Amino acid sequence: MLTHLQCTRCGEHYPADRPQSVCPKDGGVLYARYDLAAIRRAYSSARLAGRAPTMWRYDAVLPAADPVSLGEGFTPMLPSREFPNVYIKDEGLNPTGSFKARGLSAAVTMARHFGLKKLAIPSAGNAAGALAAYAAAAKLESHIFMPKDVPTANRIECDYYGAHVTLVDGLISDCAKRVADMKKESFWKRDGWFDVSTTKEPYRVEGKKTMGYEVAEQLGWRLPQGIIYPTGGGVGLLGMWKAFEEMETLGWIGSERPKMIVVQAAGCAPVVKAWEEGKSSVEMWANASTLASGLRVPKPYGDYLILDILKNSKGTAVSATDEEILGATRHWAKTEGIFAAPEGAACLVAYKKLLAKQFFEQEDIVVLFNTGSGLKYLDVLDSPAKNVATTKPASRQIGGIIGPY
Ligand SMILES: [Zn+2]
């Protein structure tokens, strides 16, 4: 039912029967579009009952290709033990321990479908591990370009998955440049190379949008009043918003929408700054620094889409300091039994701030996204309990428009 790709900037249509990156005219992010009217006639949400508990249960609204799956998606929606109307969507239970599994399951599925052979990604985090795992499952080559000081877990998992890892003496932006330089070489096209950088190809968003379908299905086909989402590149936010629009067209939900809340680290908060200044695009954040490596994105490529969603959903953007994030990580572990990624725990900081400001009331149903497992961050989380408030982890200086996705 996938009919074409559409530029989110100029609206131009492009064929979906071949690999595509961004809009050749204006660099806009391309979205996959479906014949939703036909899907609506042929399919209802009731048919989901009994489907496998993975994100591919929503294959009616995903590209028709043989999935490369490791069991990703349909993660638990856990009622908070602390706040009666809060749910924690625990993405740490995905293969490779993070929500990146969804996007890369979809992207690698389409890469294999198109006969691509070698998948390249600049990354310093969980996207690298996820690409390495799905490429291994698909028998494709993965080529990962990471700064040489990457978190230990990501480096080790890529090695075990058999990825070709290049450790770059520099920043994530230098890694992105290495991939960009390779694209100019004659071997790039000849040998079936492809760049799976976030929002530079259309299918990672498709994988991430299944989080939106799951929120609705797991809450009984109603949407919460708010969704708090740790935002680096922001693909999950884009994907969920796209899912809500699709589900309304399909007749699965009404026109209601949650307030979409971006949470970022105070040491790298370009979306928060742009939102507070009423801008429609994001300025590059200088000297980005936070222990939450997934949030070290100085300028997300889909910035204009993120800011649109905040506006249209009557949402907002909130920042959390590293000290607040570390405190929330420990608090969640102790009170909820969830050892969260620091990015995920930042949602708790944001929720408490929004409750104090009466942006949310206690009765509002709010979903907090824990995007990964704390087990992948042992090197940054290994601090004695007494020192949590005073321990300032070593920061990394990250620059460039490509963040550690
Ligand atoms: Zn365009």
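That block above? That's the structure.
Residues numbered from 1 in each chain as written. Predicted model: local features only at pLDDT ≥ 70, side-chain atom pairs only at ≥ 80, totals over all residues. Heavy atoms only, no water.

Caption draft 1: Structural context of the sheet that holds strand β2 (residues 13-14). Within the open sheet, the three strands sit side by side as β2-β1-β3. Their pairing is antiparallel. Edge strands, defined here as strands with exactly one partner in the open sheet, are β2 and β3 (30-34). Pairing between strand β1 (residues 2-7) and β2: two bridges, direction antiparallel. If you follow glutamine 6 over to β2, its bridge partner there is histidine 13. (Pairing = 2+ DSSP bridges. Helix = DSSP H or I, 4+ residues; strand = E, 2+ residues; numbered from the N terminus.)

Caption draft 2: Structural context of the sheet that holds strand β7 (residues 141-147). Pairing in this open sheet of four strands is parallel, and the strands run β8-β7-β6-β9 from one edge to the other. Each edge of the sheet is formed by a strand with only one pairing partner; in this case those strands are β8 (164-168) and β9 (193-195). Adjacent strand axes in the sheet meet at a mean angle of 20°, parallel and antiparallel pairs treated alike. Summarising the sheet, strand β6 (residues 118-122) and β9 pair through three bridges and their orientation is parallel. (Axes fitted to C-alpha atoms, helices over the stretch in contact; angles between N-to-C directions.)

Caption draft 3: Focus on the coordination of the zinc ion. Coordination of the zinc ion by the protein is provided by Cys7 (SG), Cys10 (SG), Cys23 (SG), Asp26 (OD) and Asp26 (OD), with metal-donor distances spanning 2.3 to 2.5 Å. Residue aspartate 26 is classed as partly exposed on the basis of its relative accessible area of 31%. (Donors = N, O, S within 2.8 Å, 3.2 Å for Na, K, Ca; no water. Buried < 20%, exposed > 50% of the residue type's maximum accessible area, 1.4 Å probe, protein only.)

Caption draft 4: Spotlight on the packing of aromatic side chains. Summed over all chains, the structure comprises 12 aromatic pairs. Residues tryptophan 188 and tryptophan 193 carry aromatic rings whose centres are separated by 5.6 Å and whose planes lie at 25° to one another, so their mutual orientation is stacked. The exposure class of tryptophan 193 is buried, given its relative accessible area of 11%. The ring centre of tyrosine 304 lies 4.0 Å from the NZ or CZ of arginine 9, which sits over that ring. (Phe/Tyr/Trp six-rings, centres within 6.5 Å; stacked < 30°, edge-to-face > 60°. Lys NZ or Arg CZ within 6 Å of the ring centre and 35° of its normal.)

In short, geometric facts, not functional conclusions.
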